[in-house]
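Chain and residue survey
One-letter residues, chain by chain:
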Amino acid sequence: MDIRIGNGYDVHALENGLEMWLGGVKIPSEKGFVAHSDGDVAIHALCDALLGCLALGDIGHLFPDTSDEWKGADSKDLLARVVAIVREKGYHVGNADITIALQRPKLSPYINTMRATLAPILGVTEDRISVKATTTEHLGFTGREEGCQVWASALIVKE
Ligand code: MG
């Protein structure tokens, strides 16, 4: 069996008055992410995990933030493009696991909606998509509510 594993990491800064998108879901919040796209840091880390499986670089390389084409882009569209690349290479997604570090707001009410949003884009059932959230106990830039960090792992399987 030909299986491949990848990991991704992304950070976005938080600022008052911007939208907060995480895992394809809009989260009610006073602060949102500073970004060229919609700033969905969870999807960005997931894209990098999938690209990492295939040693294809990162989303910054694929969708440069210097290009107007990706200005305000819906990160779900970026993820769909990455999944299309995975399929072109003859693989399908096995599973993915995402950990979001954010001090505020509490993400637990939105976790299952994120899983339900991401699963069809990845072409898998929800039981293959894990989304976990943690605070950093007020430590570091995340704890000071200056930003959000996300780690993602993905596994792909050759058809
Ligand atoms: Mg990003």
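Thresholds applied
Residues numbered from 1 in each chain as written. Predicted model: local features only at pLDDT ≥ 70, side-chain atom pairs only at ≥ 80, totals over all residues. Heavy atoms only, no water. Helix = DSSP H or I, 4+ residues; strand = E, 2+ residues; numbered from the N terminus. Rg over C-alpha atoms; globule rule 2.2 N^0.38 Å. Buried < 20%, exposed > 50% of the residue type's maximum accessible area, 1.4 Å probe, protein only. Areas by Shrake-Rupley, 256 points an atom, 1.4 Å probe, with all protein chains shown as cover. Lys, Arg positive; Asp, Glu negative; His and termini not counted. Charge placed at Lys NZ, Arg CZ, Asp CG, Glu CD. Patch = residues over 30% accessible without salt bridge, like charges linked within 9 Å, V, L, I, M, F, W, Y side chains within 5 Å. Salt bridge = Lys/Arg side-chain N within 4 Å of Asp/Glu carboxyl O. Pairing = 2+ DSSP bridges. Axes fitted to C-alpha atoms, helices over the stretch in contact; angles between N-to-C directions. Core = buried A, V, L, I, M, F, W, Y, C linked by side-chain atoms within 4.5 Å. Contact = heavy atoms within 4.5 Å. Phe/Tyr/Trp six-rings, centres within 6.5 Å; stacked < 30°, edge-to-face > 60°. Expected span 1.5 Å × (residues − 1). Arc of directions from axis to C-beta.

**What about the overall build of the chain?**
Within the chain one finds five helices and seven strands. Ordering the α and β elements of the chain from the N terminus gives β-β-β-β-α-α-α-β-α-β-α-β. Relative to the compact-globule value of 15 Å for 159 residues, the chain shows a C-alpha radius of gyration of 15 Å, a close match. Overall, the C-alpha framework of the chain stretches about 45 × 35 × 25 Å when taken along its three principal axes. Put simply, the chain has 159 residues, and 47% of those count as buried. Carbon and sulfur atoms make up 51% of the accessible area of the chain, which amounts to about 7900 Å² in all. Each charge class in the chain was averaged separately, 15 positive and 22 negative side chains, and the resulting centres sit 4 Å apart.

**Topic: a nonpolar patch on the surface**
Together, Tyr9, Val11, Phe141 and Trp151 give the surface a local cluster of nonpolar side chains, amounting to about 340 Å² of exposed area. Along the chain, the position of Val11 falls in strand 1 (residues 3-16). You can call Val11 partly exposed: its relative accessible area is 33%.

**So, the sheet that holds strand 4 (residues 31-33)**
With mixed pairing, five strands are arranged side by side in an open sheet as 4-1-7-5-6. The open sheet has two edge strands, strand 4 and strand 6 (129-134), and neither has a second partner. Neighbour to neighbour, the strand axes of the sheet diverge by 25 degrees on average, direction disregarded. When strand 1 meets strand 7 (residues 147-158), the two strands line up antiparallel, connected through 11 bridges. Following the sheet pairing, Gly6 is matched in strand 7 by Ala154.

**Thoughts on the nonpolar core**
Ranked by size, the top nonpolar core spans 47 residues in total, and within it Leu22, Leu46, Leu50, Leu79, Ile98, Ile100 and Leu122 carry the most contacts. Among the elements of the structure, helix 1 (41-53), helix 3 (75-88), strand 5 (91-101), helix 4 (111-122), strand 6 and strand 7 are those that each provide at least two residues to this core. If one sorts the elements of this core by residue count, helix 1 sits on top with 10 residues. Discounting residues that sit within four places of it in the chain, Leu122 has contacts with Leu46, Leu50, Leu79, Val83, Arg87, Val93, Ala96 and Ile129.

**Brief notes about the packing of aromatic side chains**
Tallied over the full model, the rule gives one aromatic pair. Judged by centre distance (5.4 Å) and plane angle (40 degrees), the rings of Tyr9 and Trp151 are tilted. Taken together, the residues span a long stretch of sequence, with Tyr9 in strand 1 and Trp151 in strand 7 at a distance of 142 residues. A relative accessible area of 39% places Trp151 in the partly exposed class.

**Points about helix 4**
The end-to-end C-alpha distance of helix 4 is 16 Å, a good match for the 16 Å that 12 residues give at a rise of 1.5 Å each. For helix 4, the complete set of buried residues consists of Ile111, Met114, Leu118, Ala119, Ile121 and Leu122. Looking down the long axis of helix 4, one finds its buried residues gathered within 165 degrees of arc, a one-sided arrangement. If you follow the buried residues of helix 4, they end up packed against strand 2 (21-22), strand 3 (25-26), helix 1, helix 3, strand 5 and strand 6. Following helix 4 by one or two positions, Gly123 has its phi on the positive side, about 75 degrees.

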